[in-house]
Amino acid sequence: MHQHYKGRLSQPDVWLQHLVHAPIISLCVVAILLISAAIGIKDLQFRGDYNIFFDKGNAQLQSFERIQAEFAKTDNLAILVAPDDGNIFTAKTLTLIQELTEAAWQTPYSSRVDSLTNYQHTQAQEDDLAVHDLVPRGSRLDTNAIDEIRQIAINAPETRNAIVSQKGDLAVVNITVQLPEKDKTAEIAEVYQFVTQMLTKFKAEHTDVHFYRAGLVAMNYALIQSAQQDITHLVPGMFLVILAVLVILLRSALSVFATLICIISAVVSTVGLAGWLGLSINVATVNIPTLILTLSVADCVHIIATMRHQMQLGQRKSAAIMHSMKMDVMPVIITSVTTAVGFFMMNMSDSPVLRTFGNLAAIGVLIACLLSLVLLPVLLQLLPIKVGSKTTAQSTFAIDKIADVIVKYRLSLLVTSTLVIIAGAALIPLNTINDDSVKYFNKGSDFRQVADYMQEHISGMGTISVVVNSGQDQGIVDPQFLQTVDAFTAWLRTQPEVDHVSSLTDILKRLNKNMHGDDDSYYHLPTSRELSAQYLLMYEMSLPYGLDLNNQINVAKSAIKVQVTTENLGSHDFINLEDRINLWFEQHNSGGKVHDVTQSSPSLMFAHIGSKNMRSMLISLPISLIMISGLLALALRSLKLGLYSIIPNMAPALIGFGLWGVISGEINLALSVVASLTLGIVVDDCVHFLTKYQMARQQGQSAEDAVRYAFHSVGRALWVTSVVLIAGFYVLTLSTFRLNSDMGTLSTLIIFLALVIDFIFLPSCLMFFDKKSVASTVDVAKPLRK
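Residues numbered from 1 in each chain as written. Predicted model: local features only at pLDDT ≥ 70, side-chain atom pairs only at ≥ 80, totals over all residues. Heavy atoms only, no water.

A few words now on the sheet that holds strand 12 (residues 498-502). In space, the four strands of this open sheet follow the order 12-13-11-14, with antiparallel pairing throughout. A single partner strand is all that each edge strand has here, and the edge strands are strand 12 and strand 14 (596-600). Each neighbouring strand pair of the sheet contributes to a mean axis angle of 20 degrees, computed without reference to strand direction. With four bridges joining them, strand 12 and strand 13 (residues 559-566) adopt antiparallel strand pairing. Bridging across to strand 13, Ser 502 finds its partner in Gln 563. (Pairing = 2+ DSSP bridges. Helix = DSSP H or I, 4+ residues; strand = E, 2+ residues; numbered from the N terminus. Axes fitted to C-alpha atoms, helices over the stretch in contact; angles between N-to-C directions.)

In this structure the tally under the stated criterion is 17 aromatic pairs. Between the aromatic rings of Phe 54 and Phe 606, the centroid separation amounts to 5.0 Å while the plane-to-plane angle is 65 degrees, which identifies the pairing as edge-to-face. On the criterion of sequence distance, the pair formed by Phe 54 in the loop between strand 2 (45-46) and helix 3 (59-70) and Phe 606 in helix 20 (residues 602-636) is long-range, its members being 552 residues apart. Here Phe 54 matches Phe 606 in class, with each residue buried. (Phe/Tyr/Trp six-rings, centres within 6.5 Å; stacked < 30°, edge-to-face > 60°. Buried < 20%, exposed > 50% of the residue type's maximum accessible area, 1.4 Å probe, protein only.)

Along the chain, Asn 668 falls in the loop between strand 15 (666-667) and helix 23 (674-698). In contact with Asn 668, other than residues within four places in its own chain, are Asn 434, Asp 435, Arg 738, Leu 739 and Asp 742. (Contact = heavy atoms within 4.5 Å.)

A few words now on a nonpolar patch on the surface. A contiguous nonpolar patch, built from Met 330, Ile 333, Val 337, Phe 344, Leu 366 and Leu 631 and spanning about 420 Å² of accessible area, is present on the exposed surface. Tallying contributions element by element places helix 10 (residues 317-344) first for the nonpolar patch, with four residues. Mapping Ile 333 onto the fold places it in helix 10. Given a relative accessible area of 33%, Ile 333 falls into the partly exposed group. (Patch = residues over 30% accessible without salt bridge, like charges linked within 9 Å, V, L, I, M, F, W, Y side chains within 5 Å. Areas by Shrake-Rupley, 256 points an atom, 1.4 Å probe, with all protein chains shown as cover. Salt bridge = Lys/Arg side-chain N within 4 Å of Asp/Glu carboxyl O.)

Across the interface, helix 16 (residues 479-492) lies against helix 17 (residues 504-514) with an axial gap of 9 Å and an inter-helix angle of 110 degrees. Taken together, the axes of helix 16 and helix 17 are roughly perpendicular relative to one another. Judged by the twist between their axes, the crossing of helix 16 over helix 17 is left-handed. Contacts between helix 16 and helix 17 involve Leu 482, Val 485, Asp 486 and Thr 489 on the former and, on the latter, Thr 505, Leu 508 and Lys 509. Class assignment of the residues belonging to the contact of helix 16 with helix 17 gives a composition of three nonpolar, two polar and two charged. (Parallel < 35°, antiparallel > 145°, perpendicular 65-115°, else oblique. Left-handed = near helix turned anticlockwise from the far one by under 90°. Nonpolar A, V, L, I, M, F, W, Y, C, P; charged D, E, K, R; others polar.)

By size, the foremost hydrophobic cluster in this structure holds 172 residues, and its most contacted members are Phe 53, Ile 79, Phe 89 and Phe 343. Considering each element in turn, this core owes the most residues, 17 residues, to helix 7 (residues 216-250). Contacts of Phe 53, omitting those with residues within four sequence positions, involve Leu 223, Val 283, Ser 351, Pro 352, Val 353, Phe 606, Ile 609, Leu 669, Phe 737 and Leu 739. Counting 39 residues, the second largest nonpolar core, distinct from the first, contains Leu 504, Leu 511, Tyr 535 and Leu 549. (Core = buried A, V, L, I, M, F, W, Y, C linked by side-chain atoms within 4.5 Å.)

Let's shift gears to the pattern of salt bridges. According to the stated counting rule, one finds 27 salt bridges in the structure shown. A salt bridge links Asp 478 to Arg 529; the shortest N-O distance between them is 3.6 Å. In this pair, Asp 478 is assigned in the loop between strand 11 (462-469) and helix 16 and Arg 529 in helix 18 (residues 529-542), connecting sequence segments 51 residues apart. The exposure class of Asp 478 is buried, given its relative accessible area of 11%. Through salt bridges that share partners, Lys 73, Asp 75, Glu 181 and Lys 184 make up one connected network.

Enumeration according to the criterion identifies zero disulfides in this entry. Cysteine Cys 262 shares no disulfide, and the gap to the nearest cysteine sulfur, in Cys 300, comes to 4.4 Å. The exposure class assigned to Cys 262 is buried, which follows from its relative accessible area of 2%. Summary of cysteine pairing: Cys 369 is not part of a disulfide, and the nearest cysteine sulfur, belonging to Cys 300, is at 10.0 Å. Judged by its relative accessible area of 9%, Cys 369 falls in the buried class. (Disulfide = S-S within 2.5 Å.)

Bringing helix 15 (residues 446-457) into the picture now. Because an α-helix packs 3.6 residues into every turn, residues spaced three or four apart end up facing the same way. The terminal C-alpha atoms of helix 15 lie 17 Å apart, and with twelve residues this matches the ideal 16 Å at 1.5 Å per residue to within 8%. Inspection of helix 15 places Phe 447, Arg 448, Val 450, Ala 451 and Met 454 among the buried residues, and these make up the whole buried set. Seen along its axis, helix 15 keeps its buried residues to an arc of 165 degrees; they face one direction. Projecting away from the buried face of helix 15 at angles above 90 degrees are the exposed residues Asp 446 and Glu 456. At its buried positions, helix 15 is contacted by strand 3 (76-83), strand 8 (209-214) and helix 7. (Expected span 1.5 Å × (residues − 1). Arc of directions from axis to C-beta.)

Here helix 11 (residues 352-382) contains 31 residues, and its C-alpha end-to-end distance of 43 Å stays within 8% of the 45 Å for a straight helix at 1.5 Å per residue. Where helix 11 bends most, at Ser 372, the angle is about 40 degrees. (Bend = angle between axes of the 7 residues up to and from the residue.)

As annotated in UniProt, the feature "domain: SSD" (unreviewed entry) corresponds to residues 257-382 and 641-768 in the numbering used here. The span residues 257-382 carries 83% helix and 2% strand; its end-to-end C-alpha distance comes to 12 Å. For residues 641-768, the end-to-end C-alpha separation is 13 Å, with 84% helix and 2% strand making up the annotated structure. (UniProt positions renumbered as here; feature names shortened; annotations may be inferred.)

A few words on unusual backbone geometry. At Tyr 109, a residue that is not glycine, the phi angle is positive and equals roughly 70 degrees. Within the element layout of this structure, Tyr 109 appears in the loop between helix 4 (91-104) and strand 4 (110-114). In the Ramachandran plot, Glu 181 falls in the positive-phi region, its phi being about 65 degrees despite a non-glycine side chain. When you line up the elements, Glu 181 lands in the loop between strand 7 (171-177) and helix 6 (184-205).

In structure tokens form, the structure reads like this:
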């Protein structure tokens, strides 16, 4: 038997009476506050560069910035030239590369352009050293000349798998840029768009050649594009999904209209406050509107569902609104606060992007809560909302049947669901922490396709800059120091994940050979400090502007930068390679000639941030759980119910991550925060169910009848809000940015599991453990269903 309870909460406060009985004044006050918040939108800034993922104090970022300051910057845009005939060593293609190289110098902020044609080839010319472009301007490209160019390019360690593929089917024109970084996002777009327009001209003239863009600038531009595409596609898509779901489930156009006004106001206010706070919109926070649209629906649906329920029982609309507010104000506040706590715990993350994401989401949830308690009742009072004659018993018939089944089979359902939870938790070790910055983009994105193509034909996009410091000015010409660097270079080339190594020692060996009449037996390092210094000086003086050695040696000539290009590796493999490099120097620096070794790169930075973030989240998760369970216990004034909520709140994440181990098995930067993120969200169903259950128990009803009442009074609303949440997070799965799509996929799975857990495990658990009779403290009205 279901009972209707009233009088649980005190009489409505003055603010509630004022909202309902003076709606126009309330609406004007709320509108003024919303407009004030929305004005901040004009101050919003957009950022699309990879630096947004790292704190200024990040150790890897600081190392990278020191390397960038000491040596030439490595921000680059690489143009891949792939002729249809699979052979770049033809007069036509070599001439094209030459023209493209010259045109690339016009790229904004360009400081260097490296290609096959301007590679600085050296050779002996009697007693002198001749330094010139491998393909000089206006040179005759007959068969013999092309064969010689091929032999040099394919065999030189400086060019092979760097600017020309080993098979000779792909060439690279690499543009190095020095961005002023006044507005890095705009500068990246300017560089990328200039090169795109330049290539449009070359494509028209060379229809048998394919051109691709890769490199850090291309990756940054892909981040910008992903963010722009998400905000232009996903936000409107989310809005339409929510509209469709609400229309189908609420079956009231005016109720849907009131809900949309509230959720749009929540989004606009949150984004406006972000502007006031000086926060930026980026590839992660661009989905905040989608998230707020999703999360703010739940509060509105619960209030509207209770109001319509009371109106179906014959109450006037104003009385129904007052009753709904009294019944739902506490559960709405609890769910909003616990959701906000989950998002605020993202401040434990090592990535500022995720911290900003969490803070904005938490602010948005709290604003949505406030609007559902202030703006929604005003709109409901003003709008001429009516309900049909359909009875409550008819509208909740399916939910009541589910309740009966769960009560009947409670023991077997409890055992089964417990085993499922344990099995899910047992699968969690199948997951590994693995971040691959290339795989941040799905396989349909241009950048990912080019990165995969580049990996297959020439090299990956992973890089590590290894700075080897001699500890003294001019120390790089010391023979022992050079021998150590050369041995290290040789060792790197034996590592399976390394595609290319650029090292000064290759140049010095080539120069030593040149200065001995191009005798191959002299292809080794100079034997004296003086010779090394002399060769370097002679070579540097012969180099044209823009092609100096500043990308390999510092001004004081105290350090050498060895540039390592790797396959597109995951974070585990990158960190493993970093550790092996450090171990190599520990074992091979017995002479002490190497004073210091520093490693860094964007690839290495991303590799470390994921594992650091997971450690932070593992610390924050139990804190979140304790705080949320404590809030529930205080709000429900029951330690017992607070403890009962722990497993249903944790179980969805346990099963979800276990299933993810089977589906993918990779935990990236975004997924490392999903447990904390969803913990607050899944509390929603649990809170509303426990609130109604507690009301029935306080009336003195048995645990079984209390479960029936909870299902009958709030079951449909839980189902509606869960469908909306699942639909909202599913929209995130359509993002071209994999961090967002993976977050959407796993969150969707966990929210679905939360509904199942709260419909099966939670009531079964309550009926099994909560058998003690409770004295009646709530008045009983007429039965709802017999």
